[in-house]
2 protein chains.
Amino acid sequence: MDISAVNALPYEDFVNIFGNVVEKCPLVSAAVWTRRPFVSLADLEAAINQFIDALPESGKEGILRCHPDLAGRDLHRGALTRESRQEQAGAGLDALRSDEASRVSRLNEEYKRRFGFPFVVCARAHDKASILRELSERCGNERAAERARGIQEVKKICRLRLQDLVRSDNKL
Amino acid sequence: MDISAVNALPYEDFVNIFGNVVEKCPLVSAAVWTRRPFVSLADLEAAINQFIDALPESGKEGILRCHPDLAGRDLHRGALTRESRQEQAGAGLDALRSDEASRVSRLNEEYKRRFGFPFVVCARAHDKASILRELSERCGNERAAERARGIQEVKKICRLRLQDLVRSDNKL
């Protein structure tokens, strides 16, 4: 799919295809459709990032709260979105040893209690060990720093999901 | 569920329960969780409305684009959210005569072509005849007026969905 094909999409198809580049936030892609035509994939990505950056802090926290826990309840009950399932499995989070699973669960709860939103990380940029290390380290940050860091990770996830969608035509 | 029970909800439960008061936009309820405690249901509703009002115009259009067509494809293939299905059925939109169905389909397409977002109306405040009349009339409006009007309807739908959730405890 080249960018001219993306620009030609009616909003319904655009939202169907790109609605989950920001996890469970079709509002974001539905909003940036207003900004077409895009000159490139990078331009579409920039429009998404600008939309996110313009949200109030509560809106950024809202985006984070639409994300599942890593190796959490939604993974175990098969309720992840397709994209999240693939990303978590790719980092080995669907096959943790029981001691690792306990540790992730405890740290996820600590993180959520401290910040009021879940730990978000671009799993495809990591492996299991580095995710565990980062989760542990980031529990010690300040809330505003973690909100900003979580949004950085949302944008990394978004970039990779966009690249997947534009590279493979089977979604059209 | 009284407001103190609402205020005591962890964000995950809050988003599970209130995530669809704005159709397919869990981001909105996930964002306003930051604003708790709410002093009343009206206060929660006001927080949602303020969040929507603070969005850029593209974001408001994004909210509208997350709504299904009335009596459209999602209804016919059983893909509506539970709330939308009940609202559309309550107004008789699941049982249109074939001439009515053709007319709605034609007007929906005209509306979307003109505005780039779907016709949104609070179906529970209407019956089939008044929805058809309003759809036809609103096709003649200007885009900015229709965006504002659609968002007014989103807020009416949200108010009724909130009332349903807080009145019935079976969602907790």
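Residues numbered from 1 in each chain as written. Chains lettered and ligands numbered in written order. Predicted model: local features only at pLDDT ≥ 70, side-chain atom pairs only at ≥ 80, totals over all residues. Heavy atoms only, no water.

## Describing the UniProt feature "domain: Oxo-4-hydroxy-4-carboxy-5-ureidoimidazoline decarboxylase" (unreviewed entry) in chain A
According to UniProt, the positions carrying the feature "domain: Oxo-4-hydroxy-4-carboxy-5-ureidoimidazoline decarboxylase" (unreviewed entry) are residues 7–163 of chain A. Secondary structure content for residues 7–163 of chain A is 65% helix and 0% strand, while the C-alpha to C-alpha distance between its ends is 16 Å. (UniProt positions renumbered as here; feature names shortened; annotations may be inferred. Helix = DSSP H or I, 4+ residues; strand = E, 2+ residues; numbered from the N terminus.)

## Details of the layout of surface pockets
By volume, the largest pocket amounts to about 860 Å³. Every residue lining the largest pocket is counted, 39 residues in all, and those nearest its centre are Glu 12 and Asn 16 of chain A together with Arg 65, Arg 73 and Asp 74 of chain B. Taken together, the residues that form the lining of the largest pocket break down as 12 nonpolar, 10 polar and 17 charged. Both domains that furnish three or more residues to the lining of the largest pocket are identified here as domain 1 (3–62) and domain 2 (68–154) of chain A. In this structure, the second largest pocket encloses a volume near 670 Å³. Along the wall of the second largest pocket there are 31 residues; nearest its centre are Lys 24, Asp 74 and Arg 77 of chain A together with Glu 12 and Asn 16 of chain B. When contributions to the lining of the second largest pocket are tallied by element, the ones reaching two or more residues are α6 (73–76) and α8 (98–115) of chain A together with α2 (11–18) and α7 (82–90) of chain B. In terms of residue count, α2 of chain B provides more of the lining of the second largest pocket than any other element does, 5 residues in total. Partitioning the lining of the second largest pocket into residue classes produces 9 nonpolar, 9 polar and 13 charged. (1 Å grid on protein atoms, 1.4 Å probe; cavity = no way out; pocket = protein on both sides within 12 Å on 5 of 7 lines; lining within 4 Å. Points joined across faces, edges and corners; volume = space filled by probe spheres on them. Nonpolar A, V, L, I, M, F, W, Y, C, P; charged D, E, K, R; others polar. Domains from an automatic or database assignment.)

## Considerations on the domain arrangement of chain A
Residue and element names in this part refer to chain A. When the domains of chain A are assigned, the result is domain 1 (3–62) and domain 2 (68–154). Between the C-alpha centres of domain 1 and domain 2 the distance comes to 24 Å. In total, domain 1 and domain 2 occlude about 830 Å² of area from one another, counting both sides; carbon and sulfur atoms represent 54% of this. Considering only the surface of domain 1 that becomes buried against domain 2, Asn 20, Glu 23 and Glu 61 emerge as the three largest contributors, covering 53% of it. Taken together, the connections running from domain 1 to domain 2 amount to 3 salt bridges. A salt bridge links Glu 61 to Arg 143; the shortest N-O distance between them is 2.8 Å. Counting across the interface, domain 1 meets domain 2 through 7 residue pairs in polar contact (both at pLDDT 80 or more). Top element by residues in the side of domain 1 that touches domain 2 is helix α5 (residues 57–65). It accounts for 3 residues. Taken together, the residues that form the side of domain 1 that touches domain 2 break down as 2 nonpolar, 1 polar and 5 charged. (Buried area = accessible area lost by both parts, 1.4 Å probe. Salt bridge = Lys/Arg side-chain N within 4 Å of Asp/Glu carboxyl O. Polar contact = N/O pair within 3.5 Å; in protein donor to acceptor, adjacent residues only side chain to side chain.)

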